[in-house]
Amino acid sequence: ALTVLPLPPASPYIQPGSYTITFSATDAAGNTGTASATITINNPLLTDAAHAFVSTFSGTYSGFGASANGSAFNTKFNNPQGMAYDSKGNLYVAEYGHNLIRKITPGGISSTFAGDDINYAAATTDGTGTAARFNGPGDIAIDGADNLYVTEYNGHTIRKITPGGVVTTIAGSGTAGAADGLGTAASFNRPYGIAVDAAGNLYVTEYLGNRVRKITPAGLVSTIATGLSNPTGIALLSSGKLVYASVGAIYTMNTDGTGQALLATGINFPGFIAVNAADEIFVPDSDTTQQRIAKVDINGTVTTIAGNGFIGTMNGGAAGATFDAPIAVAIDSYGNLAVTTTGSTAGNQVRKITFRHANDAGVALMGQALTFNGTNNRIDIPSNPALFSGTGAFTYEAWIKSTAAGSRQEIIDVGNDSTGTAGSAHLYIGTGGKLTTDLAFVGGFSGTSLVNDGNWHHVTVVHQTGPSTTSLYVDGALEATNTTLAPNLVQSPSAIGYAPGTNPITYYFSGSIDEVKVWNIARTQYDIQYDMYSRPDGSEAGLAAYWNFDDATGVANSTTIDLTANHYDATLGATAPVPAVSTIANDYAPESFVHMWSGASYGNALPVIIPLLGDDNGSPTTASVSVVQPPACSTSLPPTCSYTLSAGSVSFGPTTNIGPDAFSYGTSTSPTHTITIDAK
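Values in this document were obtained by computation on a predicted structure and should not be read as measured data. (Residues numbered from 1 in each chain as written. Predicted model: local features only at pLDDT ≥ 70, side-chain atom pairs only at ≥ 80, totals over all residues. Heavy atoms only, no water.)

## Focus: the sheet that holds strand β38 (residues 442-450)
Spatial ordering of the open sheet is given by β38-β37-β36-β35-β42-β33-β46-β45, a layout of eight strands whose pairing is antiparallel. Whereas interior strands pair on both sides, the edge strands pair on one side only; in this sheet they are β38 and β45 (559-560). Strand direction decides the pairing type here: β45 and strand β46 (residues 570-572), joined by two bridges, are antiparallel. Residue Thr560 lies in a different strand from β46, and its bridge partner there is Ala570. (Pairing = 2+ DSSP bridges. Helix = DSSP H or I, 4+ residues; strand = E, 2+ residues; numbered from the N terminus.)

## A few points about the packing of aromatic side chains
Enumeration over the complete set of coordinates arrives at ten aromatic pairs. An angle of 65 degrees between the planes, with centres 6.4 Å apart, marks the rings of Tyr96 and Tyr153 as edge-to-face. Within this pair, whereas Tyr96 is found in the loop between β7 (91-95) and β8 (100-104), its partner Tyr153 is found in the loop between β12 (148-152) and β13 (157-161), the two being separated by 57 residues in sequence. With relative accessibility at 26%, the residue Tyr96 sits in the partly exposed group. Members of the aromatic cluster, each reached through a chain of ring pairs, are Tyr96, Tyr153, Tyr192, Tyr207 and Phe272. The positively charged end of Arg408 is found above the aromatic ring belonging to Tyr507, 4.3 Å away from the centroid. (Phe/Tyr/Trp six-rings, centres within 6.5 Å; stacked < 30°, edge-to-face > 60°. Buried < 20%, exposed > 50% of the residue type's maximum accessible area, 1.4 Å probe, protein only. Lys NZ or Arg CZ within 6 Å of the ring centre and 35° of its normal.)

## A look at the pairing of strand β21 (residues 242-246)
Most of β21 sits out of view: five of its five residues are buried. Summarising the sheet, strand β20 (residues 234-236) and β21 pair through three bridges and their orientation is antiparallel. Within β21, the position partnered with Leu236 by the bridge is Leu242. Here β20 folds back onto β21, and the loop between the two strands holds five residues, one of which, Gly240, carries a positive phi near 95 degrees. As paired elements, β21 and strand β22 (residues 248-253) share five bridges and run antiparallel to each other. Bridge assignment links Val243 to a residue of β22, and that residue is Thr252. The antiparallel pairing of β21 with β22 creates a hairpin that spans one residue between the two strands.

## A word on the sheet that holds strand β25 (residues 281-285)
Adjacent strands of a sheet pair through backbone hydrogen bonds, lying either parallel or antiparallel. Taking strand neighbours across the sheet as the criterion, the four strands line up as β24-β25-β26-β27 in an open arrangement whose pairing is antiparallel. Every other strand in the sheet has two partners, leaving β24 (274-275) and β27 (302-306) as the edge strands with one partner each. Across two bridges, β24 lies against β25 in antiparallel orientation. What sits directly across from Ala274, in β25, is Phe282.

## A look at the nonpolar core
One finds Tyr396, Ile400, Ile411, Ile496, Ile513 and Trp547 to be the most contacted residues of the largest nonpolar core, which totals 40 residues. With four residues, the top contributor of residues to this core is strand β34 (residues 394-401). Excluding anything up to four places from it in sequence, Ile496 contacts Phe372, Arg378, Ile379, Ile381, Ile411, Ile513, Val516, Trp547 and Phe549. (Core = buried A, V, L, I, M, F, W, Y, C linked by side-chain atoms within 4.5 Å. Contact = heavy atoms within 4.5 Å.)

## Focus on the pattern of salt bridges
Under the defined criterion, the tally for this structure stands at 14 salt bridges. Among the ionic pairs, Asp126 bridges to Arg159, the shortest N-O distance being 3.1 Å. Of this pair, Asp126 sits in the loop between β9 (110-114) and β10 (127-128) while Arg159 sits in strand β13, placing them 33 residues apart in sequence. Among the residues examined, Asp126 registers a relative accessible area of 40% and is labelled partly exposed. Between Arg378 and Asp380 there is a salt bridge; the shortest N-O distance is 3.4 Å. In this structure Asp380 comes out as partly exposed when scored by relative accessible area, which is 23%. (Salt bridge = Lys/Arg side-chain N within 4 Å of Asp/Glu carboxyl O.)

See below:
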């Protein structure tokens, strides 16, 4: 018999849960055998500020009065309010200011799902899609069949939208009141938050009515709680109890209104709330002195997850992130948060808070980085046409770590700065500590996250043609785009860690740089996210140069090897940067693309015995190994929800390796051998 002992593979895209591994094999004599085992990934989400990363998911602030659909940075909102995710990962947003229901795909593309997106008419009119009308939509809840339920704050009604976009009024007369009854015979007074239970019952808070109402699947409206103080968001706990927010406090009660109890205080202006599987309650606090997202645990302990009390759009580590009037939160299938902001200074966006898991790889890349002193350390790249793309596409990537502030810190300089407009392209830390790119003698643009915070960050600039678009990414997250830059790169010696074309030479980098890649193609966000924590082998299509600095000695005028076949070996300057151990950690990396199997627990399911196999004479054995992810997986990363890691049918002998995911096998008369399965 063949004993198969799976080892934890280092494959991305694996979420906590149970996974079935199926093994089948045929030996040289034609004997076959199959076996399966279950691996459970125990990898809890760490929902605290130390393990959170804030980014902009959709929307560019443009003041009130604007609405626009499209990509993340072309989208505009007018006072976005409550949100909810459907089973496919689409996010629906109630846009109060323009009486719309917006839809955002997992890839960040927005569209109008329902409501008048031409004239933004305010009315309570049933219909399909853009033929329907809303009057001040506030909050959204979604049931197990992906039906949306919307509170209409100004219209005093509750609306339902099917997955096909058909809008109907299920409760409320359209006039402020307190009457119970069936459907439109009932009345509401400023319905605000909404939640739906597994049986299809709806629970609605009334901001001015100071009540909680219940609506059965048949449309029967009843009052379950009165005498509240401007209740806002409402949600359900795993116990079946309700939790709701009110001015300055969070309360719980039973679904019949009994057992009301104070859970927590200290949240001044709570908005629309959300509860995760661990019964952690996430509460936006839009008070001008708070500007934060708070977490309340089941014992009533309040902590700040993100936001430092200042108004702004700063992304990055949660402690330094800023918001402008956060009003609502929603939780996706991975446990990450979406946040709407409504402030008049820097609001009208959908932000995202991404958490790390306990067993995410703390150190993803080992080896050697180079430390630059900010004064005269430099790396010179020889002139070669393959590095310069003219007007074509390019991608520059690197890992950086810096605490320098107040001056420009050059990371990569490609092209000729002295030939005139757009002859070179630069990637650097700008004076405000944000990732910035520009072309020679042409204005550039910056991202939104601080990258000089002393943490390792993966930074990327991508330029694509047709249409011309330049994009900045930090830790795999899209930070900013620009459609006006038009490079015309000119062949010339280039550099890492300084800008050689300036006179005198300036912009020396202070900090560490590692894993520098220059591509002559426009890489996608998926490409960047997929391999930002792995090293190329140098043969990848479009990879023009790659330096990992593991060979760099720190000796003046020595070389560091380009690991592609092009061998554009670079020269360390007369005052060489100093080698240092590289421990690139995914401190704030978005969790959806860095999950490792380091949390695997095999229990009693292994070893797996495949009978009939005992071929120890070196003859090849054909085997198929697959790992199938559970249904609750991302629809954007990876692209398909039913994600299979599989080698198909492969032939291996005692010494054959075919990829990165390791499995061991052995027999009673031979040593243990290792096969590896390619998971790409």
